[in-house]
Amino acid sequence: MTTATADTRAIAVFVVVPPRLLLLDVAGPAEVLRKANERQATLRFAVTYVGPHEAARTSAGLALAGIAPLPETLPPGAVVIIPGAVDRPLGSGPDRGAEDAVREARIVHWLAQVVRPGIRLVCICSGALLAARAGLLDGHDCTTHHAVIDDLTRLAPRARVLENRLFVESGERLTSAGVTAGVDLMLHLMARELGHGAALAIARDLVVYVRRGADDPQLSPWLEGRNHIHPAIHRAQDAVTADPARNWSVPVLASIAATSPRHLSRLFNEATGMSVIDYVNRMRVALAFDLVANSTLDMEHVAERAGFASARQFRRAWNRYHPSPPGRWRGSHERR
């Protein structure tokens, strides 16, 4: 547990509570935010639940109360989360279709009024439909639950609606597929705000994998080989990612993992699908990629900073994971 300090930065997060809220669309992302606040003190997520009414029915049959009114304005840099809704909550009572439609219309009107440049809009599941009705997805790539993808296409004719995606990031618009994909999207946001190590730690706390599909936003190389829950292997990986340039050997990492070198090699391959040395090289290439992309260092100094014995060894390792040599890659991106 960490304590906020005078230097702690805060991001205001407004979670919109629609009628017939799909409870997991809120609970999953909110747990990610709670764990983020619990694990570090540099950034705090200040969460407020807002809606057109002080109470709402949820998909699980539970009622939520104490919901704040929709604010007239949003602070700069705020995040607005729009979860999805269900047609019929568990143990549904009397039909409130007309009343719910009015409340949904109020949300749509409010979104159109307050979401401006600098505000990130995060749509979970069918929450994208409300954003579409407000015209906030026009000109953006987006997705939603497969069951309502046609509805999104109809409501957002000027958006590029993508199917079979866990989540889509398009500028300040982030949309996800159904239910648990909201957790994937929120972990992606944590990686952006807090770094990949923090996102991985939160994922491990929640016992979830860092998932990506073939067409989803590119998985960072720092997250490769992490879709397992073996604590000893994570300890070894944490050490390598913290300092890839160090002279890591299997015995040194085995000591960190509290296992024998032979046992570590076997467990590492089973958990990650790669050898210990291959993982170390991948992390060094990832560090080198960051240096090539974000510095003017020549390749000899990039190789040295990333832990390679020579520029030649660095280039051989780089070419295993990238189609273009590092110098050519840097040149092509400088011209863009």
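**Points about the pairing of strand E1 (residues 9–16)**
Stage number 1. Relative to strand E2 (residues 43–51), E1 is paired through eight bridges, and the arrangement is parallel. Of the residues in E2, the one forming a bridge with Ala10 is Arg44.
Stage number 2. Regarding the hand of the β-α-β motif, the stretch spanning E1, helix H1 (residues 23–39) and E2 is right-handed.
Stage number 3. The sheet contact formed by E1 and strand E6 (residues 79–82) spans three bridges and is parallel. Pairing of Val15 across the sheet is with Ile81, part of E6.

**Comments concerning the pairing of E6**
Stage number 1. Every second residue of E6 is oriented toward a common face, with Val79 and Ile81 on one face and Val80 and Ile82 on the other, all of them buried.
Stage number 2. Here E6 pairs with strand E7 (residues 120–123) via four bridges, running parallel. Residue Ile82 lies in a different strand from E7, and its bridge partner there is Cys123.
Stage number 3. A crossover links E6 with its parallel partner E7, the connecting element being helix H2 (residues 97–114), and its sense is right-handed.

**Things to note about the sheet that holds strand E10 (residues 167–170)**
Stage number 1. Strand order in the open sheet formed by seven strands is E5-E2-E1-E6-E7-E11-E10, with mixed pairing between adjacent strands. The outermost strands of the open sheet, each flanked by one partner alone, are strand E5 (68–69) and E10.
Stage number 2. Here H2 sits on the sheet in contact with E1, E2, E6 and E7, set at roughly 155° to E6.

**A short note on the environment of Thr58**
Stage number 1. The topology assignment puts Thr58 in the loop between strand E3 (56–57) and strand E4 (63–64).
Stage number 2. Taking the C-alpha atoms as reference, Thr58 lies 28 Å from Glu172; in sequence the two are 114 residues apart.
Stage number 3. With near-sequence residues (within four places) excluded, Thr58 lies in contact with Arg20, Leu21, Leu23, Leu64 and Pro89.
Stage number 4. Here the side chain of Thr58 touches Leu62 through a polar contact of 2.7 Å, landing on its backbone oxygen.

**A few points about unusual backbone geometry**
Stage number 1. The backbone of Asn164 shows a phi angle near 55°, a positive value even though the residue is not glycine.
Stage number 2. Within the secondary structure layout, Asn164 lies in the loop between strand E9 (160–161) and E10.
Stage number 3. Among the residues examined, Asn164 registers a relative accessible area of 77% and is labelled exposed.
Stage number 4. Unusually for a residue other than glycine, Ala258 sits at a positive phi of about 60°.
Stage number 5. Locating Ala258 in the fold gives a position in the loop between helix H8 (250–257) and helix H9 (261–272).
Stage number 6. When its relative accessible area of 66% is taken as the criterion, Ala258 is described as exposed.

**What to know about the side chain of Glu104**
Stage number 1. Looking at the element boundaries, Glu104 is found in helix H2.
Stage number 2. Residue classification places Glu104 among the buried positions, given a relative accessible area of 17%.
Stage number 3. Not counting chain neighbours up to four residues away, the residues in contact with Glu104 comprise Pro19, Arg20, Leu130 and Arg133.

**Re the environment of Phe308**
Stage number 1. Secondary-structure assignment places Phe308 in the loop between helix H11 (299–306) and helix H12 (311–321).
Stage number 2. On the accessibility criterion, Phe308 (6% relative accessible area) is buried.
Stage number 3. Sequence separation of Phe308 and Arg246 is 62 residues, and the distance between their C-alpha atoms is 9.6 Å.
Stage number 4. Those residues in contact with Phe308 that sit more than four places away from it in its chain are Asn281, Arg284, Val285, Ala303, Gln313, Phe314 and Ala317.

**Re helix H5 (residues 181–194)**
Stage number 1. With 14 residues, H5 extends 20 Å between its outermost C-alpha atoms, agreeing within 8% with the 20 Å of an ideal straight helix rising 1.5 Å per residue.
Stage number 2. Within the span of H5, buried status applies to Ala181, Gly182, Val183, Asp184, Leu185, Met186, Leu187, His188, Leu189, Met190 and Ala191.
Stage number 3. A positive backbone phi angle near 100° is found at Gly195, which sits one or two residues after H5.

Criteria and thresholds
Residues numbered from 1 in each chain as written. Predicted model: local features only at pLDDT ≥ 70, side-chain atom pairs only at ≥ 80, totals over all residues. Heavy atoms only, no water. Pairing = 2+ DSSP bridges. Helix = DSSP H or I, 4+ residues; strand = E, 2+ residues; numbered from the N terminus. Right-handed = clockwise from strand over helix to strand, strands pointing away. Buried < 20%, exposed > 50% of the residue type's maximum accessible area, 1.4 Å probe, protein only. Contact = heavy atoms within 4.5 Å. Axes fitted to C-alpha atoms, helices over the stretch in contact; angles between N-to-C directions. Polar contact = N/O pair within 3.5 Å; in protein donor to acceptor, adjacent residues only side chain to side chain. Expected span 1.5 Å × (residues − 1).

Spatial relationships are all this shows, so hold off on functional conclusions.
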